[in-house]
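# Observations on the model geometry
Given next are the chains, with one letter for each unit.
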Amino acid sequence: MRTYSIEENHRIEHVITGCRLCYVGMADENGKPYVLPMNFGYEKGMVYLHSAQEGHSISILEKNPQVCLTFCTDPALVWQDEEVACSYRMRAESVICYGKVMFEEDLDEKVKALNCIMRQYSDREFSYSAPAVRNVKIWKVALDEISARELGVPKKM
């Protein structure tokens with residue numbers, strides 16, 4: 001079983017849009033890693049996230065806005081030989097992205113971001129009260145570096 005790069009943009013976007021969560025990795029000023037599973041929206045190379053206005057992640061990002069985002073499809077257990085333990089693998093596709101978090105403060109832009117996030121999970125249209133929009137922290141991450149892999153696949157011929 002091998003790991004192969006995914007180069008095609010449509011396949012990379014398919015992995016991202018097919019995920020229900022992404023994992024957001026960051027590091028505090030001492031280099032201590034912190035990773036959160038988060039709901040997200042994706043549109044044209046931009047990932048939108050939302051959180052409370054304050055918290056541990058916000059404190060970290062105010063000092064170091066660099067993040068690593070990981071998306072992974074649901075894994076499937078596969079094997080080459082059912083009798084050989086070392087031939088068992090998880091079959092999945094993953095995308096790892098790097099970028100810098102920017103916090104959006106404009107109310108109209110926050111609504112656009114919330115709509116993008118909700119499109120990831122529902123075909124419905126939503127409306128938001130002004131207090132709800134003001135009370136949510138919107139994170140925007142422009143994806144600077146992207147790599148994608150196909151995991152646990154047989155050797156390609």
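Below: a short report on this structure.

Reading the values: rules and limits
- Residues numbered from 1 in each chain as written.
- Predicted model: local features only at pLDDT ≥ 70, side-chain atom pairs only at ≥ 80, totals over all residues.
- Heavy atoms only, no water.
- Helix = DSSP H or I, 4+ residues; strand = E, 2+ residues; numbered from the N terminus.
- Expected span 1.5 Å × (residues − 1).
- Buried < 20%, exposed > 50% of the residue type's maximum accessible area, 1.4 Å probe, protein only.
- Arc of directions from axis to C-beta.
- Contact = heavy atoms within 4.5 Å.
- Polar contact = N/O pair within 3.5 Å; in protein donor to acceptor, adjacent residues only side chain to side chain.
- Phe/Tyr/Trp six-rings, centres within 6.5 Å; stacked < 30°, edge-to-face > 60°.
- Salt bridge = Lys/Arg side-chain N within 4 Å of Asp/Glu carboxyl O.

## Notes on helix H3 (residues 107-119)
The terminal C-alpha atoms of H3 lie 18 Å apart, and with 13 residues this matches the ideal 18 Å at 1.5 Å per residue to within 8%. Considered for burial, the residues of H3 that qualify are Lys110, Ala113, Leu114, Cys116 and Ile117. The buried residues of H3 all sit within an arc of 160° when viewed along its axis, so they share a single face. Residues of H3 that are exposed and angled more than 90 degrees away from the buried face: Asp108 and Lys112. Considering only its buried residues, H3 is in contact with strand S4 (41-43), strand S5 (46-51), strand S8 (88-104), helix H4 (130-135) and strand S9 (137-153). At the N-terminal boundary of H3, the capping side chain belongs to Asp106, with an oxygen 3.2 Å from the backbone nitrogen of Asp108.

## Here we look at the side chain of Glu150
Among the structural elements, Glu150 can be located in strand S9. Among the residues examined, Glu150 registers a relative accessible area of 8% and is labelled buried. Among the polar contacts made by the side chain of Glu150, one reaches the side chain of Arg91 at a distance of 3.2 Å.

## Overview of the packing of aromatic side chains
Taken as a whole and assessed by the stated rule, the structure comprises three aromatic pairs. Arranged with centres 6.3 Å apart and planes meeting at 85°, the rings of Phe103 and Trp139 form a pair that is edge-to-face. Within this pair, whereas Phe103 is found in strand S8, its partner Trp139 is found in strand S9, the two being separated by 36 residues in sequence. Relative accessible area serves as the criterion here: at 25%, Phe103 is assigned to the partly exposed category.

## Overview of the pattern of salt bridges
In the structure shown here, the tally under the stated rule is nine salt bridges. Residue Glu93 is joined to Arg11 by a salt bridge in which the shortest nitrogen-to-oxygen separation is 3.1 Å. Placement of Glu93 in strand S8 and of Arg11 in helix H1 (residues 9-18) is noted, with a sequence separation of 82 residues between them. In this structure Glu93 comes out as buried when scored by relative accessible area, which is 17%. Accessibility expressed as a relative area gives 23% for Arg11, which makes it partly exposed. Its salt-bridge partner being Arg119, residue Glu43 comes within 2.9 Å of it at the nearest N-O pair. Highlighted residues: Glu43 in strand S4 and Arg119 in helix H3, separated in sequence by 76 residues. A residue is classified by how much of its surface remains accessible, and Glu43, at 33% relative accessible area, is partly exposed.

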